[in-house]
Amino acid sequence: MVVQDRRGGAVAAVACGVGLAVGLLTTGCSSNGAAADDHTSAGRLADGPVGGSAAGPPFTDPARPPGARQPPGARPSAAGSSGGRTDYAAALRDSADALVRAGSSRVRTDLETASGGTRVAIKGAGGHDYRKQTGQLSVQLPDTGDGRSARRTITEILTPGALYMKNRGAGVPAGKWVRVDTASLADGNLVTGGATDPMAAAELLRGVREVSYEGRQRLDGVPVRHFRGTTDLGAAARAASAAYRPALTAAEKGFTTDLVPFDAYLDDAGRLRKVRQRFRFANGTTGGTSVTATTTLYGFGAPVPVRLPDERDIYTGKVAATDG
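Residues numbered from 1 in each chain as written. Predicted model: local features only at pLDDT ≥ 70, side-chain atom pairs only at ≥ 80, totals over all residues. Heavy atoms only, no water.

Glancing now at the overall build of the chain. The number of helices and strands found in the chain is five helices and 13 strands. In the chain, buried positions account for 53% of the 324 residues. Of the roughly 13000 Å² that the chain leaves accessible, carbon and sulfur atoms contribute 51%. (Helix = DSSP H or I, 4+ residues; strand = E, 2+ residues; numbered from the N terminus. Buried < 20%, exposed > 50% of the residue type's maximum accessible area, 1.4 Å probe, protein only. Areas by Shrake-Rupley, 256 points an atom, 1.4 Å probe, with all protein chains shown as cover.)

Set out below in structure tokens:
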């Protein structure tokens, strides 16, 4: 299956039988994978105008009790905020900076694809150091049903400029790593590794265009505020930190559309606790392929030791596109 960019050119291979993005992760088809959430909030207006600049805690809102939705046309009052308003869009755009201030966290990832009635689910877990800009995930591929690659786990090391994968599969010697330049990927490593780099997911929110406040709730026992909206890849790439700008610029050129619908959950410190982002590829079919990437962050401050592979452990030969 081939992903078509907005100009009609083939830019990546996605999903069943071929692999997930650029043929690097070989997966099989699974009808038992979790369904991708294909609901899109593109075009939905915010509950009320978003403006102002919060000088104090970004989500202090004594005027509305926890769990209450912001009424249409209302602007929440925030203690210490400019003009009595909280700028939720600005808080989302700044969530990447809040992660850097937090230092590190544990990470859970879920990436789901849906195309032509076939669904594939890929899960991952690990941690990320936002100051050192490195992370490590164990990504579990789905059971293909043929007994050859059931529950294969790939170890991934994430950096702004490169994705390293161990236990890649076909054609790669055991114990060797594959290194991929993220700026060369048509998706900027937002989906290639079967998981979205958590810092890249946060950087993508720097391009927020529309946002609505969906209410206050608890996530893993932590009070959070839920926001829904769309972010613009081009705007995010221009506003991204220098380390992540090349990858997001590549994604802006390679994806079918610039607008990415999202659901984001921020805690009272402005840290991103969970983000779900939805991407759609043409794939040369009428319905196309939807990809939903969900990243959950917890355990802030936990140590995340990451050691980049030695050059002698990096495989430089040809990588097979499939495991068959």
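Among all positions in helix α5 (residues 245-254), only Ala-247, Leu-248, Ala-250, Ala-251 and Gly-254 are buried. Considered in projection along α5, the buried side chains sweep an arc of 155 degrees and stay on one side of the axis. (Arc of directions from axis to C-beta.)

A separate point is the side chain of Arg-278. Structurally, Arg-278 is set in strand β12 (residues 272-281). The exposure class of Arg-278 is buried, given its relative accessible area of 7%. A distance of 2.7 Å separates the side chain of Arg-278 from the side chain of Asp-263, its partner in a polar contact. (Polar contact = N/O pair within 3.5 Å; in protein donor to acceptor, adjacent residues only side chain to side chain.)

Okay, unusual backbone geometry next. Phi is positive for Gln-133, close to 60 degrees, though the residue is something other than glycine. Along the chain, Gln-133 falls in the loop between β4 (118-129) and β5 (134-140). Not every positive phi belongs to a glycine, and Asp-220 is a case in point at roughly 55 degrees. By the secondary structure assignment, Asp-220 is in the loop between β9 (208-219) and β10 (222-232). By relative accessible area, which is 54% here, Asp-220 ends up exposed.

With ten bridges connecting them, β9 and β10 associate as antiparallel partners. Considered in β10, the bridge of Arg-216 is made with Arg-225. Linking two consecutive strands that pair antiparallel, namely β9 and β10, is a turn of two residues; a positive phi of about 55 degrees is found at Asp-220 within it. (Pairing = 2+ DSSP bridges.)

Let's shift gears to the nonpolar core. Leu-92, Leu-99, Leu-190, Leu-205, Leu-272 and Phe-279 are the most contacted members of the largest nonpolar core, which has 54 residues in total. When near neighbours in sequence (up to four residues on either side) are disregarded, Leu-99 contacts Tyr-130, Met-199, Ala-202, Leu-272, Leu-297 and Phe-300. With five residues, the next largest nonpolar core counts Ile-157, Tyr-164, Trp-177 and Ile-314 among its residues. (Core = buried A, V, L, I, M, F, W, Y, C linked by side-chain atoms within 4.5 Å. Contact = heavy atoms within 4.5 Å.)

Let us look at the side chain of Thr-134. Locating Thr-134 in the fold gives a position in strand β5. Excluding residues within four positions of it along the chain, Thr-134 makes contact with His-128, Asp-129, Leu-158, Thr-159 and Val-306.

What follows concerns the environment of Lys-132. As for its position among the elements, Lys-132 is in the loop between β4 and β5. When its relative accessible area of 65% is taken as the criterion, Lys-132 is described as exposed. Along the primary structure Lys-132 and Ser-104 are separated by 28 residues, whereas in three dimensions their C-alpha atoms are 9.0 Å apart.

Counting through the fold element by element, Val-178 comes out in strand β8 (residues 177-181). Look at Val-178 and you get buried, because its relative accessible area is 4%.

Further remarks concern the packing of aromatic side chains. The final tally for this structure, using the stated rule, is three aromatic pairs. Seen in terms of ring centroids, Tyr-88 and Tyr-213 are 5.3 Å apart; in terms of plane orientation they differ by 25 degrees. Their pairing is stacked. Linking Tyr-88 in helix α1 (residues 88-93) with Tyr-213 in strand β9, this pair joins segments that are 125 residues apart in sequence. This pair shows no difference in class: Tyr-88 is buried, exactly as Tyr-213 is. Between Tyr-213 and Phe-227, the ring centres sit 5.5 Å apart and the planes meet at 45 degrees, which makes this aromatic pair tilted. (Phe/Tyr/Trp six-rings, centres within 6.5 Å; stacked < 30°, edge-to-face > 60°.)

Moving on, we come to the pattern of salt bridges. Counted according to the given criterion, the structure contains 13 salt bridges. Its salt-bridge partner being Arg-271, residue Asp-267 comes within 2.8 Å of it at the nearest N-O pair. Its salt-bridge partner being Arg-273, residue Asp-267 comes within 2.9 Å of it at the nearest N-O pair. For the pair shown, Asp-267 and Arg-273 are each scored as buried. Counted as one network, the salt bridges with shared partners bring together Asp-97, Glu-203 and Arg-206. (Salt bridge = Lys/Arg side-chain N within 4 Å of Asp/Glu carboxyl O.)

Bringing the pairing of β4 into the picture now. The pairing of strand β3 (residues 104-115) with β4 spans twelve bridges and is classified as antiparallel. Counterpart to Ser-104 in the pairing with β4 is Asp-129. In this antiparallel pair of consecutive strands, β3 and β4, the connection spans two residues, and Gly-116 shows a positive phi of 55 degrees. Looking at chain direction, β4 and β5 are connected through seven bridges and run antiparallel. Following the sheet pairing, Gly-124 is matched in β5 by Val-139. Hairpin connection, β4 to β5: the antiparallel pair is bridged by four residues, and Gln-133 has positive phi, about 60 degrees.

These results come straight from atomic positions and should not be treated as a statement about function.
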